[in-house]
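Summary of the model geometry
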Amino acid sequence: MTNKKTLFLGGLFPKELYEDILINSKGPIQNAANKFQWNIINGLDENLERPVTIINQMFIGSFPRRYRKAKIKSSIFSHVNGHEDYNVGFINISILKQFLLSIYLKRIFRKFARENPNRKYNLIVYSLQPFFLSTIKYIKKYNNNFNVCMIVPDLPEYMSIDMEKKAIMKIYKSYQNLKIKKQIKHIDSFVFLTDQMNNYFGLEKPYIVIEGMVPLPNDSIKKPIEKDYLNLDCKNIVYTGTLTKKYGVLDLVEAFKKIKFTNYRLIICGDGETKQSIIESSITDRRIIYLGQIQYQEIEYIQENATLLVNPRTGLEDFTKYSFPSKNMEYLKSGRPVICHKLPGIPDEYDDYLHYFNSDNINNIAEDLVEICEKDEGILKNIGSNGKKFVEEEKNILIQTKKIVDLLEKTSENE
């Protein structure tokens, strides 16, 4: 791949714009997708001879309901010193931006093709966004020097599952799903989170499974957190993430209420459709502490000092077959014990490092939480350190993205 330029097309948050995105967003932002994409890019940079070039369309909500700005300006940013990346501007109005973004992206890729018509490219694309797929279809016809690898974190019909199911959105989504299934044939290879994803599409294209990845261990000293989020004398049960009913967060709240110990705390960080219900619960039960949507370094501090980290998502919903909860990977990286449900998308190799709920019954969930929290702190530290060691040694960005590089080389040979 020494003669190829590697491009990454996605929807991450440039570091210099993150604060602005946080301020202007109404409701949850896509922190998990942002972290996953940055992990991929950092890993690719480690594995390739020269840095990836990012072509970015930020995954943010539409104006005015989910974002305070109607227009996003184009800009140049650098994820590596001296390197040029592109943040694509757009009119941030729902449906209109979907149409216009395809036009803007096609213009950028034409520029790449014209500047060096004989140059070959590896193009890594994050997420089955319709405007990404129409761009891929276009560039394949315009200049077939692009070897396209699609990373599929979610299946189309399971994206934005917390959005209101208005009739017009249902119709639009059905239309987009049909387009996606037609245009997916232009992709050369895939990165899926689970094997079931490949079965869903029924494609005969090269693919690999990467359920997630964590950054390389960092020995740098972290900045101190000014706010005292935790009472370290209490048993701190922590959930961080999107507050969506289908993710089981309300079940967690109800289970916690069954615990009668006064030295227990439930710390919840995030935003979403169940926010108001959680706030109401925190008023009636002062042990429940809702912190809202906070900075990632603050979330890290909370996770690393939790007694127990919880992912209450159950396997009852069909979408759990086609996803690996990135939250579990992030939790394990913190070095604290993790409890969750055994979902179809979780490989068996994680069984030694995750605690699983015995059932989805509220009373049983409460019992399982107490059983772990009452263990000796030395045991809890040992549990957490084993999980941390597992993901840092076997699921780090260097190892996981090397699989993507190998896949690109394999598909390049078939050109």
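All of the points below concern the structure found in this document.

1. Thoughts on the overall build of the chain
The number of helices and strands found in the chain is 13 helices and 16 strands. Relative to the compact-globule value of 22 Å for 415 residues, the chain shows a C-alpha radius of gyration of 22 Å, a close match. When the backbone C-alpha atoms are referred to their principal axes, the chain occupies close to 70 × 45 × 45 Å. Residues classed as buried in the chain amount to 53% of the 415 residues present. Put simply, of all contacts in the chain between residues at least 6 apart along the chain, 73% involve residues at least 24 apart. Just so you have it, the chain exposes about 19400 Å², and 49% of that area is on carbon and sulfur atoms.

2. A word on the pairing of strand 11 (residues 235-240)
As a general feature of sheets, a regular strand has side chains that alternate between the two faces. For strand 11, a buried count of six out of six residues is recorded, marking the element as mostly surrounded by other parts of the structure. Side-chain alternation along strand 11 places Lys 235, Ile 237 and Tyr 239 on one buried face and Asn 236, Val 238 and Thr 240 on a second face that is also buried. Judged from the six bridges that link them, strand 11 and strand 12 (residues 264-269) form a sheet pairing that is parallel. The residue bridging Asn 236 from the neighbouring strand is Arg 265, located in strand 12.

3. What about the nonpolar core?
If you look at the biggest cluster of nonpolar residues, it comprises 69 residues, and the most contacted ones within it are Ile 55 and Ile 404. In this structure, Tyr 229, Cys 269, Leu 369 and Leu 380 belong to the second largest nonpolar core, which totals 51 residues.

4. Points about the pattern of salt bridges
A full pass over the atoms with the stated rule returns 15 salt bridges. As a salt-bridge pair, Lys 140 and Asp 188 come within 2.6 Å of each other at their nearest N and O atoms. Of this pair, Lys 140 sits in helix 4 (residues 130-142) while Asp 188 is found in the loop between helix 5 (167-183) and strand 9 (189-192), placing the two residues 48 residues apart along the sequence. Accessibility expressed as a relative area gives 23% for Asp 188, which makes it partly exposed. Here Asp 285 makes a salt bridge to Arg 287, at a shortest N to O gap of 2.9 Å.

5. Some thoughts on unusual backbone geometry
In the segment running from Phe 63 into Pro 64, the intervening peptide bond is cis, with an omega of 0 degrees. Within the element layout of this structure, Pro 64 appears in the loop between strand 2 (53-56) and strand 3 (71-72). One non-glycine residue, Ile 95, lies in positive phi territory at about 70 degrees. Assignment of secondary structure puts Ile 95 in the loop between strand 6 (90-91) and helix 3 (96-115). By relative accessible area, Ile 95 is classed as partly exposed at 37%. Positive phi outside glycine occurs at Ser 127, with the angle close to 90 degrees. The residue Ser 127 is located in the loop between strand 7 (121-126) and helix 4 in this model.

6. A word on the sheet that holds strand 14 (residues 308-311)
Here we have six strands laid out as an open sheet, ordered 13-12-11-14-15-16, and parallel in their pairing. Two strands lie at the open edges of the sheet, namely strand 13 (288-292) and strand 16 (355-356), each paired on one side alone. Note that strand 15 (residues 338-340) and strand 16 share two bridges and pair parallel. Within strand 16, the position partnered with Ile 339 by the bridge is His 355. Helix-sheet contacts for helix 8 (residues 275-284) involve strand 12 and strand 13, and the interaxial angle to strand 13 is about 140 degrees. On the sheet, helix 11 (residues 362-373) packs against strand 11, strand 12, strand 14, strand 15 and strand 16 and is oriented at approximately 155 degrees with respect to strand 14.

7. Concerning the packing of helix 3 against helix 4
Packing of helix 3 against helix 4 leaves a shortest axis separation of 9 Å and a crossing angle of 35 degrees. Both helix 3 and helix 4 take part in a crossing whose hand is right-handed. Facing Gln 98, Leu 101, Ser 102, Leu 105, Lys 106, Phe 109, Arg 110, Ala 113 and Arg 114 of helix 3, the residues of helix 4 in contact are Pro 130, Phe 131, Phe 132, Ser 134, Thr 135, Tyr 138, Ile 139 and Tyr 142. Considered class by class, the residues forming the contact of helix 3 with helix 4 number ten nonpolar, four polar and three charged.

8. Observations regarding the sheet that holds strand 7
Spatially, the eight strands line up as an open sheet ordered 4-5-2-1-7-8-9-10, and their pairing is mixed. In this open sheet, the two strands that pair with only one neighbour each are strand 4 (75-77) and strand 10 (207-209). Along the sheet, successive strands turn relative to each other by an average axial angle of 20 degrees, direction set aside. Taken together, the three bridges between strand 9 and strand 10 define a ladder with parallel strand orientation. Residue Val 191 lies in a different strand from strand 10, and its bridge partner there is Ile 208. Across the sheet, helix 2 (residues 31-47) touches strand 1 (5-10), strand 2, strand 4, strand 7 and strand 8 (146-152), and the angle it forms with strand 7 is around 160 degrees.

9. Focus: the state of the cysteines
By the definition in use, this model includes zero disulfides. Among the cysteines around Cys 269, which has no disulfide bond, Cys 234 carries the closest sulfur, lying 16 Å off. Distance from the sulfur of Cys 340, which forms no disulfide, to the nearest cysteine sulfur (Cys 373) is 15 Å.

10. A look at the side chain of Gln 37
Position of Gln 37 among the secondary structure elements: in helix 2. Given a relative accessible area of 0%, Gln 37 falls into the buried group. Filtering out sequence-adjacent residues up to four positions away, Gln 37 remains in contact with Phe 8, Gly 10, Gly 11, Leu 12, Phe 59 and Tyr 126.

Criteria and cut-off values
- Residues numbered from 1 in each chain as written.
- Predicted model: local features only at pLDDT ≥ 70, side-chain atom pairs only at ≥ 80, totals over all residues.
- Heavy atoms only, no water.
- Helix = DSSP H or I, 4+ residues; strand = E, 2+ residues; numbered from the N terminus.
- Rg over C-alpha atoms; globule rule 2.2 N^0.38 Å.
- Buried < 20%, exposed > 50% of the residue type's maximum accessible area, 1.4 Å probe, protein only.
- Contact = heavy atoms within 4.5 Å.
- Areas by Shrake-Rupley, 256 points an atom, 1.4 Å probe, with all protein chains shown as cover.
- Pairing = 2+ DSSP bridges.
- Core = buried A, V, L, I, M, F, W, Y, C linked by side-chain atoms within 4.5 Å.
- Salt bridge = Lys/Arg side-chain N within 4 Å of Asp/Glu carboxyl O.
- Axes fitted to C-alpha atoms, helices over the stretch in contact; angles between N-to-C directions.
- Left-handed = near helix turned anticlockwise from the far one by under 90°.
- Nonpolar A, V, L, I, M, F, W, Y, C, P; charged D, E, K, R; others polar.
- Disulfide = S-S within 2.5 Å.

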